[in-house]
Every structure is written in C-alpha cells, then in structure tokens.
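Below, each chain spelled out in residue letters.
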Amino acid sequence: MNSNYMQKKLIIKNKKLKTSIIIKKNYISKFVNNIAKNNEKVFCILDKKVKIDLNIGKQKNLKIISIKCGEKVKTFDGYKDLTQRLIKNNINRKSVIIAIGGGTLGDLAGFAASTVLRGLDFFLIPTTLLSQVDSSIGGKNGINTNYGKNLIGTFNQPKQVLIDISVLNSLPKKEIRSGYAEIIKHALIKDYSFFCWLEKNASKLLNLNKSFLEKAIYKSIMIKLFYVKKDEKEFLINNNSRAMLNFGHTIGHAVESHYDYKKFNHGEAISIGMITEAKISNYLGILSSNELEKIIKHFKKYGLKIYDNIINDKKLIDRLIKDKKNFQNNINFSLIKNIGSSIFYSKLDKNKVYKILQKLK
Ligand SMILES: NC(=O)c1ccc[n+]([C@@H]2O[C@H](COP(=O)([O-])OP(=O)(O)OC[C@H]3O[C@@H](n4cnc5c(N)ncnc54)[C@H](O)[C@@H]3O)[C@@H](O)[C@H]2O)c1
Ligand SMILES: [Zn+2]
C-alpha cells in the first residue's frame, strides 16, 4: 500500500445503506454549518471533552447540547435526559441531529435520533479513533441494561459520517490504543496484508502520523463495510455474517461489564477478548500456535492488554450466557482460522467454554 495516496477529501458512498462517509481534515465546522444552512433546525449533541470551535455565529437555528460522555451515558437515564432536553428545546419533524463525540455519544445520540418523534435524520462526527474506525460505521446504536451491553437499540444509518482526524489531537494515548484494538481486529479477521502493514507501521499510526492514520482508518472502514453490506441486520449465520466483527467481543463485553466499565475501556477489554478468543481458536485446533504467538507478540509490542484474572473465573461464564448473541447454553464466537481469515463458531456450550478458559493463562 502506498502511504501517500490519501486525497484531500474522500467520499465513500453506499446506495444500499443510504449513507456516505467523508474523510477530510479540518472540516468539522464547515460540515456543521452546511447542514445548518440546509435545514430548519439543527441539534448538535456534543461530547463535553471535545474542544472544537464550530464557528456558528450566523446560524441561529443551531442548538448545542453538551454531554459528559463515557459508558455510563449509554443508559436509560442518559437516554431520558437527552430526549427530554431535545423535546424541551422544541425539536420537530423538520429538525436534524448531529452527534459529535466518541462511540458512547454516537450510540446514545443515534438511538435518540431514531426514536425521538419516530425518527429524524442524523449525522455523525466521530471524535475518537475507535468511533472513526468502527462505531460510526454500520448504523448500529443503542444503550446498555443491567443485563448486558447494547441490549436496546436500533439499526439506523446516519445520512452522512464525517471522519476528521484533526480532532484526535486531544485524545489521550490510552484512547488511541483503544481504537487501534479495533483496527487490528479488522486486520485479524479479514486482511493478512493489512496485518503485515500494521506490523511495520503501527507506531507511526499510534503517534498520529496523518497519512498512515488516514490509511489505517480507510482500510478499517472498508473491512467493516464489507460485512455490513452483506449482512446489515446480522441475520446470516456464516462466515460473511456481520457477527464476524464480534471477534474478541464475546469475551470482551463480559470482561468490561464484569468490572462495570471501570477497570478497562472498550478497546482494552476487547484486546483481552481477542487474545483469549485466539487462544480458544488455537485450543480447538483452528489456529496454529505459530500464528497465535505472532498475534500475542504484536499486542505486547504495542501495549495492548492480553490477559486479566477474570478470564479463568466462573463469573465470566454467567456473563457470557447473558450476551444477546448467545442462545440457551451455547456461546457464539467469531474465531480466527489464520491471520486474516475468520469463521463463525456456534458449537461451544458453556461447560466446554469454562473448561477451556480454566486452561488458559
Ligand atoms: N455502534 C457500533 O457499531 C459500535 C461499534 C464499536 C463500539 N461501539 C461502542 O462504542 C463505545 C466506545 O466508544 P469510545 O471508545 O469512543 O468511547 P467514549 O465515547 O467513551 O470516548 C472515550 C473517552 O474519550 C473522550 N473523548 C471523545 N472524543 C475526544 C477527543 N477528541 N478528545 C479528547 N477526549 C475525547 C470521551 O469523553 C471519553 O471520555 C462503547 O460503548 C462500544 O460499545 C459501538
Ligand atoms: Zn468494539
């Protein structure tokens, strides 16, 4: 891949999904102002930590609602607060919503946008690396319940997504690494040459080198879109299923919810999940020990988490059973066959999973 290929503005249009993704630097305020010019009323839902000047002097029809973000905002209470603020500020059928923030804000605002007044047009401006490479793509939104993550939500594609990497400068390193975890996930499930490219260039990307970063974001988006286009609503039960994107997440979701989202951020939890699920792949004879070692080496080199004590604990199994993707006592996994190819695996019952996890370190 050539690292200087990125153009000034890249638009990925998708007719089937009725959405388009724009990749462009230093473009947020122009993008927001254009939407304000073309719509009667615009609600900007903004993550409090995102410091951007929207330059909205002339746009009297633009209302900003700031929210303190994080996993705790993706709750019934967070949803209630946000929708009530929208209604109190006279949102109507001609209003549109722009969500500017990380994955938690995008998931919450996307859910609000698809339910308030039975659904309004919305635009997404993801401001974390994780949301730029993953959560802003594919139209899933939602909130968590006490019984598990993302159990309430809809499929609803944003009209447009703007990916602007200039907003990442204020993002803590820990959050950059969290986004990198989803990038490496995309490579591991679908693209061996992308994995090799990441092996060479990960440090440039983690240091926010613009052209490397934009290329990794672009590659990630294309891999995610491949699955979303084939299986938007996650109906398929085969290797093209959208569920393949859940590699690392069966375990990862259980780990993060066990710690009440306090000990690990999403990327850290799914890093532990990916290594655990790669070890399960290896235990089942699906992934070779050589390739497993190669994956672990990469994770260690770039400071991604690989293990936590909860992995061998019975409590984790109880969490896994609550996952909406698991039925009865069978736990579904997206497993790795080789680096760059994955398979859907639904044959493991909870006792077998527990037995395997007991043996992993
Ligand atoms: N809908 C989907 O398809 C999908 C896919 C993957 C993940 N997700 C969800 O995404 C969420 C994780 O998203 P996230 O990692 O972006 O977390 P997040 O939204 O909590 O953001 C992480 C932290 O960074 C802050 N932040 C955001 N932008 C910033 C910026 N530019 N500068 C400084 N700080 C900034 C936030 O306030 C927060 O404290 C999880 O809830 C996960 O379930 C959804
Ligand atoms: Zn994820």
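In what follows, the structure referred to is the one given above.
Residues numbered from 1 in each chain as written. Chains lettered and ligands numbered in written order. Predicted model: local features only at pLDDT ≥ 70, side-chain atom pairs only at ≥ 80, totals over all residues. Heavy atoms only, no water.

K.L.:
Is there a simple way to think about unusual backbone geometry in this case?
P.N.:
Across the chain, the bulk of peptide bonds are trans and the bulk of non-glycine residues have phi less than zero. Backbone geometry at L117 places phi at a positive 50 degrees, although glycine is not the residue there. Tracing the sequence through the fold places L117 in the loop between α3 (103–115) and β6 (122–126). Looking at L117, the relative accessible area reads 35%, which means it is partly exposed. In this structure, R118 is a non-glycine residue whose phi angle is positive, near 65 degrees. Here R118 shows up in the loop between α3 and β6. (Helix = DSSP H or I, 4+ residues; strand = E, 2+ residues; numbered from the N terminus. Buried < 20%, exposed > 50% of the residue type's maximum accessible area, 1.4 Å probe, protein only.)

K.L.:
Whenever I open this one, a positive patch on the surface confuses me. Can you help?
P.N.:
On the surface, a cluster of positive charge is made up of K48, K49, K63, K68, R85 and K88. Residue position: K49 is located in the loop between β3 (41–47) and β4 (62–67). (Patch = residues over 30% accessible without salt bridge, like charges linked within 9 Å, V, L, I, M, F, W, Y side chains within 5 Å. Areas by Shrake-Rupley, 256 points an atom, 1.4 Å probe, with all protein chains shown as cover. Salt bridge = Lys/Arg side-chain N within 4 Å of Asp/Glu carboxyl O. Lys, Arg positive; Asp, Glu negative; His and termini not counted. Charge placed at Lys NZ, Arg CZ, Asp CG, Glu CD.)

K.L.:
Would you explain the coordination of the zinc ion (ligand 2) in this entry?
P.N.:
As a benchmark, a tetrahedral metal site with four donors has ideal angles of 109.5 degrees, while an octahedral site with six donors has ideal angles of 90 or 180 degrees. Of the protein atoms, only E182 (OE), H249 (NE2) and H266 (NE2) coordinate the zinc ion (ligand 2), at distances of 1.9 to 2.1 Å. Here H266 falls in the buried class, since its relative accessible area comes to 17%. (Donors = N, O, S within 2.8 Å, 3.2 Å for Na, K, Ca; no water.)

K.L.:
Quick question: what am I supposed to make of helix α2 (residues 76–88) here?
P.N.:
Because each turn of an α-helix spans 3.6 residues, side chains separated by three or four positions in sequence point in the same direction. Look at α2: 18 Å from first C-alpha to last across 13 residues, which is about the 18 Å you get at 1.5 Å a residue. Inspection of α2 places G78, L82, T83 and L86 among the buried residues, and these make up the whole buried set. Each buried residue of α2 lies within a common arc of 115 degrees when the element is viewed along its axis, so the set occupies one face. For α2, exposure combined with an orientation more than 90 degrees from the buried face picks out D77, I87 and K88. Packed against the buried residues of α2 are β3, β4, β5 (95–101) and α3. (Expected span 1.5 Å × (residues − 1). Arc of directions from axis to C-beta. Contact = heavy atoms within 4.5 Å.)

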